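Listed below are the residues making up each chain.
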Amino acid sequence: MKANENNFIDLIKKQKEEGILYVIETYGRLLHSIVQKRLYAAPDRIEECMNDIFLGIWRNIHSFDETKGSFEGWAAGVARLEAIDTLRKLQRELQTVPIEDMEIPQEDPSFLKLAEQELSKETEEILGCLKPKDQELFRRIFLNEEEPEEAGEALGISRDNVYVRIFRGKQKIRSKFGERKRARV
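Residues numbered from 1 in each chain as written. Predicted model: local features only at pLDDT ≥ 70, side-chain atom pairs only at ≥ 80, totals over all residues. Heavy atoms only, no water.

1. A short note on the packing of aromatic side chains
What counts here: Working definition: rings of Phe, Tyr and Trp (its six-membered ring) pair if their centres are within 6.5 Å, and the pair is stacked with planes under 30 degrees apart, edge-to-face with planes over 60 apart, and tilted otherwise. Secondary structure elements are defined from DSSP: runs of H or I of at least 4 residues count as helices, runs of E of at least 2 residues count as strands, and each element is numbered from the N terminus. Burial classes: relative accessible area under 20% of the type maximum marks a residue as buried, over 50% as exposed, and values in between as partly exposed (1.4 Å probe, protein chains only).
Counted under the stated rule, the structure contains eight aromatic pairs. Relative to W74, the ring of F64 lies with its centre 5.5 Å away and its plane at 55°, an arrangement referred to as tilted. Of this pair, F64 sits in the loop between α3 (46–60) and α4 (71–95) while W74 sits in helix α4, and the two are ten residues apart along the sequence. Residue classification places F64 among the buried residues on the basis of a relative accessible area of 8%. Note on F71 and W74: the rings are 5.7 Å apart at their centroids and 45° apart in plane angle, and the pair reads as tilted. Residue F71 and its partner W74 are both found in helix α4; the two are separated by three residues, about one turn of the helix. Neither F71 nor W74 differs from the other in exposure class; each is buried. Members of the aromatic cluster, connected to one another through ring pairs, are F8, Y22, Y27, F64, F71 and W74.

2. Examining the packing of helix α2 (residues 17–38) against α4
Helix-helix packing is described using two parameters, namely the angle between the two axes and the distance between the axes. For clarity, the threshold we go by: With axes taken as lines fitted to C-alpha atoms, and helix axes fitted only over the stretch in contact, angles between N-to-C directions fall between 0 and 180 degrees. Here the angle decides the label: under 35 degrees means roughly parallel, over 145 means roughly antiparallel, 65 to 115 means roughly perpendicular, and every other value means oblique. Each crossing gets its handedness from the near helix: less than a right angle anticlockwise from the far helix is left-handed, clockwise is right-handed. Any pair of residues with heavy atoms lying within 4.5 Å of one another is described as a contacting pair. Gly falls in the polar group here, along with every residue not listed as nonpolar (Ala, Val, Leu, Ile, Met, Phe, Trp, Tyr, Cys, Pro) or charged (Asp, Glu, Lys, Arg).
The geometry of α2 relative to α4 is characterised by a closest axis approach of 9 Å and an angle of 40° between their N-to-C directions. Between α2 and α4, the angle is such that the two are oblique. Crossing hand, α2 versus α4: right-handed. Touching V23, Y27, L30, L31, I34, V35 and R38 of α2 are F71, E72, A75, A76, A79, R80, A83, I84 and L87, all from α4. In terms of residue class, the contact of α2 with α4 is made up of 13 nonpolar, no polar and three charged.

3. Let's talk about the pattern of salt bridges
Side-chain pairs of opposite charge can arise where the charged atoms are in close proximity. As a reminder of what qualifies: A pairing counts as a salt bridge when a side-chain nitrogen of Lys or Arg comes within 4 Å of a carboxyl oxygen of Asp or Glu.
Scanning all chains against the criterion turns up eight salt bridges. Residue R140 pairs with E136 through a salt bridge whose shortest N-O separation is 3.3 Å. Placement of the pair is R140 and E136 together in helix α6 (residues 132–143), with a separation of four residues, close to one helical turn. With a closest N to O distance of 3.2 Å, R140 and E146 form a salt bridge. Within the structure, one salt-bridge network assembled from shared partners comprises E136, R140 and E146.

4. Notes on helix α7 (residues 148–155)
Residue pairs three or four apart in sequence face the same way in an α-helix, which turns once every 3.6 residues. Condition: Working note: the arc is built from the helix axis to C-beta atom directions.
Along α7, the residues that are buried comprise P148, A151, G152 and L155. Buried residues of α7, seen end-on, are gathered within an arc of 100° and therefore sit on one face of the element. Taken from the residues just after α7, G156 is the one with a positive phi, measuring 75°.

5. Details of the environment of F8
Relative to the helices and strands, F8 is located in helix α1 (residues 8–13). Along the sequence, F8 and V23 sit 15 residues apart, while their C-alpha atoms lie 7.6 Å from each other. Setting aside chain neighbours within four positions, we find F8 in contact with A3, G19, Y22, V23, Y27 and F71.

6. A short note on the layout of surface pockets
Rule in force here: Grid spacing is 1 Å over the protein atoms alone, the probe is 1.4 Å, and a cavity is where that probe fits but cannot get out, while a pocket is an open set with protein on both sides within 12 Å along at least five of seven lines and lining residues have an atom within 4 Å of a point. Grid points are joined across faces, edges and corners, and a volume is the space filled by probe spheres set on the points.
Considered as a void within the structure, the largest pocket measures approximately 160 Å³ in volume. Lining of the largest pocket is provided by L130, K131, D134, N161, R165, R168, G169 and K172. Each residue belonging to the lining of the largest pocket can be placed in one class, and the counts come to one nonpolar, two polar and five charged.

7. So, the side chain of R45
This is how the line gets drawn: Any pair of nitrogen or oxygen atoms within 3.5 Å is treated as a polar contact; in protein, a donor-acceptor pairing is required on top of that, and neighbouring residues in sequence qualify only through side-chain atoms on both sides.
Relative to the helices and strands, R45 is located in the loop between α2 and α3. Residue class for R45 comes out buried when judged on its relative accessible area of 16%. Of the polar contacts made by the side chain of R45, one reaches the side chain of E93; its length is 2.5 Å.

8. Concerning unusual backbone geometry
Residues other than glycine seldom take positive phi values, yet Q15 does so here, at roughly 60°. Relative to the helices and strands, Q15 is located in the loop between α1 and α2.

Shown next as structure tokens:
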């Protein structure tokens, strides 16, 4: 039996190859343009997606309801969904990289040492605007990660005074280095 616009749906429902060939001939360009629009970044996946669309139409033709719309609209919906599924699969593939394929960069010890020295110089310069006792407090709290109460106890400073010194020290640092930042700009 030859497929035409009146019987191709029935042919597909009866699992006759002529029906799906009619769909490929008649609607193939439309479906291809829908897929190409969504998979423009992965042109190598377009043909695979097209095959999945025709297979989806073949397997799900019973869900097509002529009273709800045209076959063309339904097939376009199948194409859009299949293209989105293909994009999701591609995204998962791109996110999953075998550990054997990963190149783990080795840290250059000389670079690390140089970076530490630079940070140390910069830290000392920043802390230089504070009184020696406040410098030690800042080192203990922000560099050695001691609790403020613990650092204050070691330096003989009350808990409340520790927080006051931190607050005032931060203000002093901001005012001094905020001016320098504005001068550079």
